[in-house]
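As a plain string of letters, each chain reads:
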Amino acid sequence: MKTSEYISFTIDRLPKGYVFTYADFTTGVNKKEAVIKALNRMVESGKIAKLSKGKYYKPESTPFGKLQPSQAQIVKDLMENDGKTIGYLTGYSIYNQLGLTTQVSNTIQIGKKEVRTAFKRERFTISFVKQKNTITKENIPLLQLLDVIRYIQKIPDTNPEFSCKRLLAILKDLSEKDKNTMVRLAFKYPPATKALLGALLDELNESTLTESLYKTLNPITKYKLSVDKVLTKTEKWNII
């Protein structure tokens, strides 16, 4: 099978919006220059689109034009390494996904243990948030929630009181196992995050679960979060 035929056959089997590079074809073809030329011809013909240097995707056409890949696809190379999860989407895309804001940002934030300087990829700015916990596919949703709590005052087009109401609804539906895991993961977050998580869980009558969090906090430190109209246990957690 010719290089161009092999690539065309492979791309036909990819889902729309899937991001790939020439390296995805070298195992079967092992002809880098020929692969790159074939991909560029497909870009010119409109069969595929170019996301950034060396990155392509299979676009989905709509009456309003071609859709870009999902944010997860755009930065998947920064979140996986040899099949291992090393990062996760956080920040603006998660605020929107959880119903905390309707704003859509051109910044994609990634939680990782090893962070780097922000950079541009097509129309997006890619930035990083340091995550001290070990990242696994199972704990990513809980880390995303903890990030929301940590940056609750920075969520655009909303306020901490609304965000707390939404968080209470989300936390209420978590299993006891997930709540316990979330408390354990919170130990590596700043004190204000632990205090707010404690106040949220106390509001759900999970005071036994929050004892370990409470013991880690300095009893004279105050946390200015302005959520006392929603949470009734803020005094215990020194939240003002």
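Residues numbered from 1 in each chain as written. Predicted model: local features only at pLDDT ≥ 70, side-chain atom pairs only at ≥ 80, totals over all residues. Heavy atoms only, no water.

Caption draft 1: Seen up close, the pattern of salt bridges. Evaluated as defined, the whole model comprises six salt bridges. In this structure, Asp12 engages Lys47 in a salt bridge whose closest nitrogen and oxygen atoms are separated by 3.1 Å. On the criterion of sequence distance, the pair formed by Asp12 in helix H1 (residues 3-12) and Lys47 in the loop between helix H3 (32-45) and strand E2 (49-52) is long-range, its members being 35 residues apart. A network of salt bridges, in which partner residues are shared, links Lys55, Asp77 and Arg121. (Salt bridge = Lys/Arg side-chain N within 4 Å of Asp/Glu carboxyl O. Helix = DSSP H or I, 4+ residues; strand = E, 2+ residues; numbered from the N terminus.)

Caption draft 2: Here's a closer look at the nonpolar core. Val75, Ile126, Leu196, Leu197, Leu200, Leu231 and Ile239 are the most contacted members of the largest nonpolar core, which totals 57 residues. The element that contributes the greatest number of residues to this core is helix H7 (residues 140-150), accounting for seven residues. Setting aside residues no more than four positions away along its own chain, Leu197 makes contact with Leu146, Ile149, Met182, Val183, Ala186 and Leu213. Phe20, Ala38, Ile48 and Tyr56 belong to the second-largest nonpolar core, a separate cluster that totals eleven residues. (Core = buried A, V, L, I, M, F, W, Y, C linked by side-chain atoms within 4.5 Å. Buried < 20%, exposed > 50% of the residue type's maximum accessible area, 1.4 Å probe, protein only. Contact = heavy atoms within 4.5 Å.)

Caption draft 3: The sheet that holds strand E8 (residues 87-90), seen in detail. Reading across the sheet, the four strands line up as E8-E9-E11-E10 and stay open at both edges, with mixed pairing between neighbours. The open sheet is flanked by E8 and strand E10 (119-121), the only strands paired with a single partner. Geometrically, the sheet is characterised by an average inter-axis angle of 40° between neighbouring strands, direction not taken into account. Against the sheet, H7 makes contact with E8 and strand E11 (124-130), and its axis sits at roughly 45° relative to E8, the strand it touches most. (Pairing = 2+ DSSP bridges. Axes fitted to C-alpha atoms, helices over the stretch in contact; angles between N-to-C directions.)

Caption draft 4: Expanded view of unusual backbone geometry. Of note, Glu122 is a non-glycine position whose phi angle comes to about 55°, a positive value. Relative to the helices and strands, Glu122 resides in the loop between E10 and E11. If you check the backbone angles, Ser226 has positive phi at about 55° while not being a glycine. Along the polypeptide, Ser226 turns up in the segment after helix H11 (207-215). Ser226 sits in the partly exposed class, given a relative accessible area of 40%.

Caption draft 5: Just the sheet that holds strand E1 (residues 19-20), in detail. Ordered by their spatial adjacency, three strands build an open sheet running E1-E3-E2, and the pairing between neighbours is antiparallel. Two strands close off the open sheet at either side, each with one partner strand: E1 and E2. Here E1 pairs with strand E3 (residues 55-57) via two bridges, running antiparallel. By the bridge assignment for E3, Val19 is matched with Tyr57.

Caption draft 6: Just the pairing of E11, in detail. Taking burial as the measure, the seven residues of E11 include five buried ones, the bulk of the element. Looking at chain direction, strand E9 (residues 107-112) and E11 are connected through six bridges and run parallel. The residue bridging Lys112 from the neighbouring strand is Lys130, located in E11. Sheet topology places E10 next to E11; three bridges connect them, and they run antiparallel. The residue bridging Phe119 from the neighbouring strand is Ile126, located in E11. Turn length for the E10-E11 hairpin, with the two strands adjacent in sequence and antiparallel, is two residues, and the turn residue Glu122 shows positive phi of about 55°.

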